[in-house]
Amino acid sequence: MKRDLTVEEQLARGPMDLPFLMLTLMLTGIGLVMVFSASYATAYYDGVVAKHDPTYYFARQALFGVIGIVFLYGVSRLNYQHYRWLAVFALMFAFLCLILVFTPLGFGKATTGAQRWIRVPGLGSFQPSEAAKLGVILYFSSRLSKRSTEKRKKYDLRKPSGRLLDLLDRIGFIELVPYMLILGAVALLMLMEPHMSGTILILVAGAAVLFAGGVKLGWFVAGGTVVGAGLWFVMTKTSYMAARLAIWKDPWSDPLNKGYQTIQSLYAIGSGGLLGVGLGNSRQKFNYLPEPENDYVFSITCEELGYIGAAIIIILFALLVIRGYWIALHARDRFGALLVVGITTLVAVQVFLNIAVVTNLIPPTGISLPFFSYGGTALVIQLVEMGIVLSVSRQIPAPRQG
């Protein structure tokens, strides 16, 4: 005999949000096509890694894309309530990965002056920042979802220390302490790599969950001021970021070295015009624009598909973000809503920052474009995040009839 499903199992087997799923699959599919086109020349001329196989990067990305879609479906079938107890382990794993980058055990992989990768035998490399983003969102969502049920602490008002603690508790400072410590620790490890863009993404994702969780607006003004001052200090007082700022202001001041990639990116975008030069017909990918399949894949997209093609892709991302927030607004409970807000905000900010970098709107930050930039483990994690959103959408209460 078949056993009857529990209420929780029935809820987890509801219909997933098809618009969100279709947008995710469309962006993943278009991203794979653009990785193939953008990496074709790079792989063909690479005799060390790709062995002159023009499909090398595409084949690996497609494999991880299939794996990611399988994980997306599996995660979407899970009851997202299980992530409550997994949250603390996800955060601990993220911290472990961030620390391993700096160990002398051979795990860290230094690239372009930054130590932000971990080697995984047989799988290549991945950035611990990807795990840190999801870990912070899961932990913050789990903790904040219980906020309304926690009893307010009582202090001895006869003592000055008790009165001070009571004041700090009433204005919400004590509640923020664990979140600030976690974000501060993660940001410090990220800045040591250095990885400015990853730091910004984690801070924004954490702040989004805190804001949706009901933290008072005044703390965001104060926190934004402090973080802004800190980022300004890092960008202007450290040689690594100061050099990037100088190149951002005038990439033609060093056109053959530090400004070369930005200049070639602008050439690619400008060459596309309205309709583009045609899919596969990019000229900048032929050893002009360095690593066109990674952070600057959108530049090749603009060149080949033109303004109209690039605009359609941006619209698809915008629709994905809007649908994500719609799912958050209609989520069954606070935990699900916070999860979706954090993940959706993360995607939105990452898309904005990548496009802003390739168009030279902001200084280079080394940030990838979700679903498009080459990177197998990053693509899998992004699709897992989409699966979490879909698992939340499965439990959206059905509208009442009549």
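Thresholds applied
Residues numbered from 1 in each chain as written. Predicted model: local features only at pLDDT ≥ 70, side-chain atom pairs only at ≥ 80, totals over all residues. Heavy atoms only, no water. UniProt positions renumbered as here; feature names shortened; annotations may be inferred. Salt bridge = Lys/Arg side-chain N within 4 Å of Asp/Glu carboxyl O. Helix = DSSP H or I, 4+ residues; strand = E, 2+ residues; numbered from the N terminus. Buried < 20%, exposed > 50% of the residue type's maximum accessible area, 1.4 Å probe, protein only. Contact = heavy atoms within 4.5 Å. Phe/Tyr/Trp six-rings, centres within 6.5 Å; stacked < 30°, edge-to-face > 60°. Lys NZ or Arg CZ within 6 Å of the ring centre and 35° of its normal.

With an unreviewed UniProt entry as reference, the protein chain is termed Probable peptidoglycan glycosyltransferase FtsW, source organism Pseudoflavonifractor capillosus ATCC 29799. If you open the UniProt record of the protein chain and go to Sequence similarities (unreviewed entry), you find "Belongs to the SEDS family. FtsW subfamily." Turning to the protein chain, the UniProt record has this under Pathway (unreviewed entry): "Cell wall biogenesis; peptidoglycan biosynthesis."

We now examine the pattern of salt bridges. All chains considered together, the criterion is met by 4 salt bridges. Where aspartate 333 meets arginine 84, a salt bridge forms, and the shortest distance between an N and an O atom there is 3.7 Å. Of the two residues, aspartate 333 is situated in the loop between α12 (297-329) and α13 (334-358) and arginine 84 in helix α4 (residues 83-100); the sequence distance between them amounts to 249 residues. Overall, the relative accessible area of 27% leaves arginine 84 in the partly exposed class. Between glutamate 130 and lysine 133 there is a salt bridge; the shortest N-O distance is 3.3 Å. Here glutamate 130 and its partner lysine 133 are both found in helix α5 (residues 128-144), 3 residues apart, which amounts to about one turn of the helix. Like lysine 133, glutamate 130 is buried.

This next bit is on the environment of isoleucine 30. Relative to the helices and strands, isoleucine 30 is located in helix α2 (residues 18-45). For isoleucine 30, a relative accessible area of 27% gives the class partly exposed. When residues no more than four places from it in sequence are discounted, the contact partners of isoleucine 30 are Ile313, Leu316 and Phe372.

In this structure the tally under the stated criterion is 10 aromatic pairs. Between phenylalanine 317 and phenylalanine 371, the ring centres sit 6.4 Å apart and the planes meet at 20 degrees, which makes this aromatic pair stacked. Linking phenylalanine 317 in helix α12 with phenylalanine 371 in the loop between α13 and α14 (376-393), this pair joins segments that are 54 residues apart in sequence. Taking the relative accessible area as the measure of exposure, phenylalanine 317 reaches 4% and is therefore buried. Each residue in the set Phe36, Tyr40 and Phe58 is aromatic and connected to the rest through ring pairs, giving one cluster. Lying over the aromatic face of tyrosine 179, arginine 143 brings its terminal NZ or CZ to 5.7 Å of the ring centre. Sitting over the face of the ring of tryptophan 326, arginine 323 holds its NZ or CZ atom 4.1 Å from the ring centroid.

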